[in-house]
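Listed below are the residues making up each chain.
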Amino acid sequence: MSTQTLRQQLFRVKPVPRDGGETGSTLKRSIGLFQLTLIGVGGTIGTGIFFILSEAVPIAGPAVIWSFIIAGLVAGLSVLCYAELASSVPVSGSSYSYAYSTLGELPAMGVAACLLLEYGVSTAAVAVGWSQYVNQLINNLFGVELPHALLYAPEEGGIINLPAIILIGLCMLLLIRGTTHSVVANTIMVLIKIAVLLFFVAVGITGWNADHFADFAPFGFAGVMTGAGIIFFSFVGLDAVATAGDEAKNPRRNLPIALIAALVVVTGVYVAVALTALGAQATGEFDGQAAGLSAILENIVGASWPGTVVAAGAVISIFSVTLVVLYGQTRILFAMSRDGMAPKVFQKVNPRTMTPVANTIIVSIVVAILAGVLPINFLAEMTSIGTLAAFLVVSIAVIVLRRREPDLERKFRVPFYPVVPILSIIGCLWIIKDLRPITIIVFAGWTALVLVWYSFTGRKNSVLGKRIDTGLIVLVGPGRYREVAGAGGVEIDDADAAAVGRGGPGDGSAGSGPAGGSADSGGGAR
């Protein structure tokens with residue numbers, strides 16, 4: 001039985017790894033800087049850029065260019081915060097792990113709810129969108145369409161979305177084969193989709209008409225800001241880089257560089273595509289336009305082949321997004337399982353492929369069911385709030401960790417601290433306030449469900465709690481815990497915890513570890 005008070009259990013903080021990685025990690029470090037960057041790009045440039053203009057241009061007009069820039073700046077503020085934490089806490093789990101090392105166990109589980117919603121639901125939503133592009137491509141190439149019953153969820157008059165299920169199955173097989181194979185496949189697909197978007201820019205610019213920018217901001221600043229709110233969700237996925245902390249080479253250096261590089265690439269591509277589209281087509285023609293980028297090129301060239309190229313690019317683009325986001329979901333569950341917050345099956349690693357195979361299969365089955373039977377509008381509505389909440393917590397965590405661990409090694413520091421994290425917090429709250437009430441209500445209900453799971457299961461099985469009870473981790477100050485020297489990698493089960501029966505940490509005093517010497521003595525803790 002734990003000797004920690006309820007408050008100490010809820011807000012116990014996981015020690016920050018001092019050796020550049022998570023103690024006891026069984027994942028293979030095989031992802032370099034270039035591949036990390038393309039994970040961020042691959043998880044971000046997807047469905048959004050292929051349809052977002054038809055939603056944002058009617059609201060902002062040609063000034064949607066500024067909407068893209070503003071959305072990129074808000075996302076950039078959060079990315080800078082991610083970059084500092086990634087260089088300080090370079091482990092799998094993204095903002096869940098960051099919250100665990102700064103705010104405590106209960107807040108970390110709240111963030112876990114956000115991430116599970118963001119990654120799980122968005123994977124299903126993207127897969128549903130992929131089936132529509134596949135159908136368009138098949139129609140362009142062969143003049144036939146897939147049966148309606150196999151393209152849509154029951155609510156939309158179909159039976160099952162079969163292409164979406166097939167896509168998730170293919171991504172599952174890639175992930176099971178090993179991270180190296182998955183990363184190589186993602187790298188190839190990302191380079192192809194960037195080439196397709198650059199192809200759009202190259203062809204589209206031949207139809208440039210400067211008169212399309214004459215009435216630049218017909219709806220004023222309010223239209224620009226509303227457009228930025230819509231466009232912001234095209235930047236969702238950048239945080240996928242932070243889920244690869246346990247598999248990245250030299251994570252303290254490479255994670256922050258990859259995050260910032262991915263943001264620069266994504267923003268540059270988005271602005272180039274938006275400028276070209278606005279120069280090639282009048283503002284009034286964007287409203288309600290299906291497959292907008294394909295239609296623009298077909299109107300310029302007077303033939304269907306450019307649209308087919310863009311449709312093929314969309315198919316590849318969304319495949320890579322699904323692969324990256326599904327990967328991120330499995331790594332978050334891996335981190336939670338390792339901490340005792342999720343069933344142990346999610347942390348079991350195949351000794352041959354060095355990947356969590358059972359984890360990947362379970363997640364893929366659940367996501368495939370969601371994608372097969374639920375419509376895309378329901379899935380898409382739940383993605384944004386999870387992402388924003390995660391961004392919000394990361395920004396707060398930077399401030400907390402700066403105050404609690406001022407001497408912690410940081411390969412990257414947020415510039416203009418604390419202005420940048422504060423602006424990031426304000427930006428996230430500004431976008432959250434415009435979400436529909438039903439989205440917030442469902443999100444609150446889901447988070448409450450996860451916290452109930454934590455109350456009855458996670459709190460009891462917490463690896464951190466057991467290590468504190470057995471003296472392997474000691475409290476050295478308010479909210480500051482340290483592993484006792486020589487205790488790293490020691491696994492604790494319920495029997496071990498019961499056998500020790502030691503006193504728990506006090507309200508702020510340092511405990512004594514079994515290795516001899518208190519945690520804050522010269523060498524007792526690391």
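What counts as what
- Residues numbered from 1 in each chain as written.
- Predicted model: local features only at pLDDT ≥ 70, side-chain atom pairs only at ≥ 80, totals over all residues.
- Heavy atoms only, no water.
- Helix = DSSP H or I, 4+ residues; strand = E, 2+ residues; numbered from the N terminus.
- Buried < 20%, exposed > 50% of the residue type's maximum accessible area, 1.4 Å probe, protein only.
- Areas by Shrake-Rupley, 256 points an atom, 1.4 Å probe, with all protein chains shown as cover.
- Phe/Tyr/Trp six-rings, centres within 6.5 Å; stacked < 30°, edge-to-face > 60°.
- Lys NZ or Arg CZ within 6 Å of the ring centre and 35° of its normal.
- Core = buried A, V, L, I, M, F, W, Y, C linked by side-chain atoms within 4.5 Å.
- pLDDT = per-residue confidence, 0-100.
- Contact = heavy atoms within 4.5 Å.
- Axes fitted to C-alpha atoms, helices over the stretch in contact; angles between N-to-C directions.
- Parallel < 35°, antiparallel > 145°, perpendicular 65-115°, else oblique.
- Left-handed = near helix turned anticlockwise from the far one by under 90°.
- Patch = residues over 30% accessible without salt bridge, like charges linked within 9 Å, V, L, I, M, F, W, Y side chains within 5 Å.
- Salt bridge = Lys/Arg side-chain N within 4 Å of Asp/Glu carboxyl O.
- Nonpolar A, V, L, I, M, F, W, Y, C, P; charged D, E, K, R; others polar.
- Expected span 1.5 Å × (residues − 1).

A. Structural context of the overall build of the chain. Secondary structure assignment for the chain yields 19 helices and two strands. By the burial criterion, 59% of the 526 residues in the chain qualify as buried. Looking at the chain as shown, the accessible area adds up to about 20,000 Å², and 67% of this sits on carbon and sulfur atoms.

B. Representation of the packing of aromatic side chains. Under the counting rule described, the total for this entry stands at six aromatic pairs. Ring centres 6.1 Å apart and planes at 65° place the aromatic pair tyrosine 82 and tyrosine 98 in the edge-to-face group. One end of the pair, tyrosine 82, is in helix H4 (residues 64-88); the other, tyrosine 98, is in helix H5 (residues 95-100), with 16 residues separating them in the sequence. Through successive ring pairs, a cluster of aromatic residues spans Tyr82, Tyr98 and Phe391. Across the ring face of tyrosine 417, the terminal group of arginine 402 is positioned such that the distance to the ring centre comes to 4.2 Å.

C. Structural context of the nonpolar core. Grouped together as the largest cluster of nonpolar side chains are 149 residues, with contacts concentrated most on Leu36, Ile49, Leu53, Phe68, Tyr96, Phe235 and Met336. Ranked by the residues each element gives to this core, the list is headed by helix H6 (residues 105-142), at 19 residues. Among the nonpolar cores identified, the runner-up in size contains five residues, and Ala63, Val224, Met225 and Ala228 belong to it.

D. The arrangement of the confidence of the model for the chain in detail. For the chain, the mean per-residue pLDDT works out to 80, and 85% of the residues sit at or above 70. Here residues 489-526 is a poorly scored stretch, pLDDT under 50, and it has 73 contacts once near neighbours within four places are set aside; other chains count.

E. Spotlight on the packing of helix H2 (residues 33-44) against helix H8 (residues 179-204). Interaxial distance between H2 and H8 falls to 9 Å at its minimum, and their mutual angle equals 60°. In terms of orientation, H2 lies oblique with respect to H8. Crossing geometry of H2 relative to H8 is assigned as left-handed. Facing H2, whose interface residues are Phe34, Gln35, Leu38, Ile39, Val41 and Gly42, H8 presents Val183, Asn186, Thr187, Val190, Leu191, Lys193 and Ile194.

F. Local environment of the environment of leucine 263. Looking at where leucine 263 falls in the secondary structure, it is placed in helix H10 (residues 251-280). Relative accessible area serves as the criterion here: at 13%, leucine 263 is assigned to the buried category. Leucine 263 sits 183 residues away from leucine 80 along the chain, and the two C-alpha atoms are 9.8 Å apart. Contact partners of leucine 263, with chain neighbours within four places excluded, come to Gly72, Ala75, Gly76, Val79, Phe235 and Leu238.

G. Summary view of a nonpolar patch on the surface. On the surface, a nonpolar cluster with roughly 400 Å² of combined accessible area is contributed by Leu150, Leu162, Ile166, Leu170 and Leu173. Inspection of the secondary structure puts isoleucine 166 in helix H7 (residues 162-177).

H. Up close: the pattern of salt bridges. Applying the stated rule across the entire model yields five salt bridges. Glutamate 105 is the partner of arginine 12 in a salt bridge, and the nearest nitrogen-oxygen pair spans 2.9 Å. One end of the pair, arginine 12, is in the loop between helix H1 (6-11) and H2; the other, glutamate 105, is in helix H6, and 93 residues separate them in sequence. Here arginine 12 falls in the buried class, since its relative accessible area comes to 1%. Note on glutamate 105: relative accessible area 0%, which makes it buried. Here arginine 402 and glutamate 84 are joined by a salt bridge, their closest N and O atoms 2.8 Å apart. Taken together, the residues arginine 402 in helix H15 (residues 383-404) and glutamate 84 in helix H4 connect sequence positions 318 residues apart. Among the residues examined, arginine 402 registers a relative accessible area of 16% and is labelled buried. Put simply, Glu84, Arg402 and Arg410 are held in one network by salt bridges that share partners.

I. Region of the structure containing the packing of helix H12 (residues 305-338) against helix H13 (residues 357-373). Look at H12 against H13: their axes get within 10 Å of each other, and the N-to-C directions meet at 125°. The angle between H12 and H13 places the two elements in the oblique class. Judged by the sense of rotation from one axis to the other, the crossing of H12 with H13 is right-handed. Along its contact with H12, which presents Leu326, Gln329, Thr330, Leu333 and Phe334, the element H13 presents Asn359, Thr360, Val363, Ser364 and Val367. Classifying every residue of the contact of H12 with H13 gives five nonpolar, five polar and no charged.

J. View of the side chain of threonine 276. In this structure, threonine 276 sits in helix H10. Setting aside residues no more than four positions away along its own chain, threonine 276 makes contact with Phe200, Val201, Gly204, Ile205 and Trp208.

K. Structural detail: unusual backbone geometry. The linkage connecting tyrosine 417 with the following residue, proline 418, adopts the cis geometry, with an omega of 0°. The topology assignment puts proline 418 in the loop between H15 and helix H16 (419-432). Even without being glycine, methionine 354 reaches a positive phi, approximately 60°. For phenylalanine 416, which is not a glycine, the phi torsion comes out positive at approximately 55°. By secondary structure assignment, the location of phenylalanine 416 is in the loop between H15 and H16. Owing to a relative accessible area of 67%, phenylalanine 416 belongs among the exposed residues under this scheme.

L. Region of interest: helix H9 (residues 220-231). Between the first and last C-alpha of H9 there are 17 Å, a value that for 12 residues agrees with the 16 Å anticipated at 1.5 Å per step. Considered for burial, the residues of H9 that qualify are Gly223, Val224, Met225, Gly227, Ala228, Gly229 and Ile231.

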